[in-house]
2 protein chains.
Amino acid sequence: MTEPRAPRADARRNRAILLDVAAEVVAEQGAQASLRDIARRAGVGMGTLYRHFATREELLGALLGARFDRLAARADALAAELPPLEALTAWLDEFTAGTTVYRGLAPSLMASADGDSPLKASCDAFREAGGRLLARAQASGDIRPDVDGGDLFALAGGVATVVDQSPVLAARRERLIELILGGLRAR
Amino acid sequence: MTEPRAPRADARRNRAILLDVAAEVVAEQGAQASLRDIARRAGVGMGTLYRHFATREELLGALLGARFDRLAARADALAAELPPLEALTAWLDEFTAGTTVYRGLAPSLMASADGDSPLKASCDAFREAGGRLLARAQASGDIRPDVDGGDLFALAGGVATVVDQSPVLAARRERLIELILGGLRAR
DNA sequence: ACCTGAACACCGTTCAAGT
DNA sequence: ACCTGAACACCGTTCAAGT
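Residues numbered from 1 in each chain as written. Chains lettered and ligands numbered in written order. Predicted model: local features only at pLDDT ≥ 70, side-chain atom pairs only at ≥ 80, totals over all residues. Heavy atoms only, no water.

Labelled according to an unreviewed UniProt entry, chain A appears under the name TetR/AcrR family transcriptional regulator, originating from Actinomadura parmotrematis.

And the structure:
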C-alpha cells in the first residue's frame, strides 16, 4: 500500500495555467468559450486540456468551485459583522452581483446542486453557509420559519440568472432582492 | 407603386416546414440544436434555412413569438374566468411550467425584452397581458401598488429559468411562485 | 425569386507518437 | 507519467450554380 504519488511538477503547473486562462477567456466570451482557444492561449496541446478536464463541465466546475468557496467564506464573514437580516441581504447582493462576471455560468451553477460532480462539495459548502445566514435571520424573527435553504438558493439563483441576461434587468437587481426578501419575511 | 408581392408558394411552404421541424428538434435537443440537422430533417438545403432565418436568434424568436402570443391570450382568458389574485397565480403557473418544453429557451426569452427584434411585438403583447393581470390584482388590493410589470416579468422569468435547470428545482416550482407572490402581496 | 449543395474555416474529441 | 499535435467527424456560414 503506497501513498498515491504527488502529481508531476509540469502537470501541476499546466493545470494551474489552464485554470487561469480559462477564467480569463470565460469572463470574455462566456460559458460557450472555445476550449481550443483556451488550450492555445495556455500554450498546451488539446490533449493536455482533456487530461486535466475530461469535459467542459469539469473545467467550468473548477471555476465555479472557487466562486462557491469564496461566497461561503463571505457568508461567515458577514454573519460576524452585521445583524441577521442585514447580513443575509448583503450576501444575496454579493451573490447575485458576482455571477455576471462569468456570463452564462449561472445556469450550470443552478444545475450543479443535483449531480454528484466533484463540484458538489463546494456547492454544498456554499449552500450550507447560506443556510446558516438564513437560520440566523429566522432565529431573530426576521424571516419566516417555514422557508429553507433550498428556497433561498432557488430564488436567489433565479435573480442571478435573470440579471445576467441584459443590462436592463441587471439594473433591477437590488429591487428584485428586496421583493424576494419581502416574500420570505415574517409578518 | 406596386404592392409587395406575396411570397412564392414553395417559399411559404418551406418556412412553415422549417418552423414545425425546429419546434420538434428544439424540444428534443434544446436551444443548442444543430441548424444543419433541422434543415436536413426539413428536407431543405442549408441556404434555404438561412434565407428564411438569417440567424439562430431569428429562428428561436419565431418559436418564442408563438409562445408569447399563446400566453398573452391565456392571460386575458384567465382574467375573464377567475378573481384577480387567482387569475394571476394561475397565469404564473402556466408561464413557469411551459418553459420547460423548450429547454434553454428561457434565457433568450428574458433577453428578448430589450432589443428591437421582430420578437419585440409579441414580447410586448405578452408583458402587457401580464401587466393587466397585475393591475387587476392591485385594484382589488391583493398586490402592492408599487410593483410594476417589469418586476413581475423578471421574478417569474427567474423562476422559469431556474426550474428549467433540474428536476429537483422543477419540483419546487409552485412553492417558488407562492413565495414570490408573498413578496408582492399587500399587507 | 427561390433553392441546392459543395466549400471554407472552425470546433470538440480521440489517440498514436514522443519525452 | 505526461505532453503534443495531427486526424476525424461534425458544425455554422457563404455562395456559385441551377430552376
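J.: Sorry, what's going on with the interface of chain B and chain A here?
T.: A common measure of how large an interface is: the accessible area buried when the components associate. At the interface, 31 residues of chain B touch 31 residues of chain A. Between chain B and chain A the total buried area reaches about 2500 Å² when both faces are included, carbon and sulfur atoms providing 60% of it. Connecting chain B to chain A are 6 salt bridges. For R172(A), the salt bridge goes to D148(B), with nearest N and O atoms at 3.1 Å. The interface formed by chain B and chain A contains 8 residue pairs in polar contact (both at pLDDT 80 or more). At the level of secondary structure, the elements contributing two or more residues to the side of chain B that touches chain A comprise α6 (105–111), α8 (149–163), α9 (167–170) and α10 (173–184) of chain B. The element that contributes the greatest number of residues to the side of chain B that touches chain A is α8(B), accounting for 8 residues. Each residue belonging to the side of chain B that touches chain A can be placed in one class, and the counts come to 14 nonpolar, 9 polar and 8 charged. (Contact = heavy atoms within 4.5 Å. Buried area = accessible area lost by both parts, 1.4 Å probe. Salt bridge = Lys/Arg side-chain N within 4 Å of Asp/Glu carboxyl O. Polar contact = N/O pair within 3.5 Å; in protein donor to acceptor, adjacent residues only side chain to side chain. Helix = DSSP H or I, 4+ residues; strand = E, 2+ residues; numbered from the N terminus. Nonpolar A, V, L, I, M, F, W, Y, C, P; charged D, E, K, R; others polar.)

J.: Could you clarify how one ought to interpret the protein's contact with DNA strand D in this entry?
T.: The full set close to DNA strand D counts 23 residues, and N14(A), T48(A), R36(B), M46(B) and Y50(B) are the nearest of them. Taking all atoms of DNA strand D within 4 Å of the protein, the share assigned to sugar and phosphate is 60%. Side-chain polar atom of N14(A) to a phosphate oxygen of DNA strand D: 2.3 Å apart, as the coordinates give it. One of the side-chain N or O atoms of T48(A) is found 2.6 Å from a phosphate oxygen in DNA strand D. Elements that contribute at least two residues to the surface near DNA strand D include exactly α1 (9–29) and α3 (46–52) of chain A together with α2 (35–42) and α3 (46–52) of chain B. The biggest single contributor to the surface near DNA strand D is α3(A), with 5 residues. (Near = heavy atom within 4 Å.)

J.: Would you take a moment to explain the UniProt feature "DNA-binding region" (unreviewed entry) in chain A for this structure?
T.: When the UniProt feature table is mapped onto this chain, "DNA-binding region" (unreviewed entry) is found at residues 34–53 of chain A. For residues 34–53 of chain A, helix accounts for 75% and strand for 0%, while the C-alpha atoms at its two ends are 14 Å apart. (UniProt positions renumbered as here; feature names shortened; annotations may be inferred.)

J.: Sorry if this is basic, but what is going on with the side chain of T161(B) here?
T.: Within the secondary structure layout, T161(B) lies in helix α8. We classify T161(B) as buried; its relative accessible area is 1%. (Buried < 20%, exposed > 50% of the residue type's maximum accessible area, 1.4 Å probe, protein only.)

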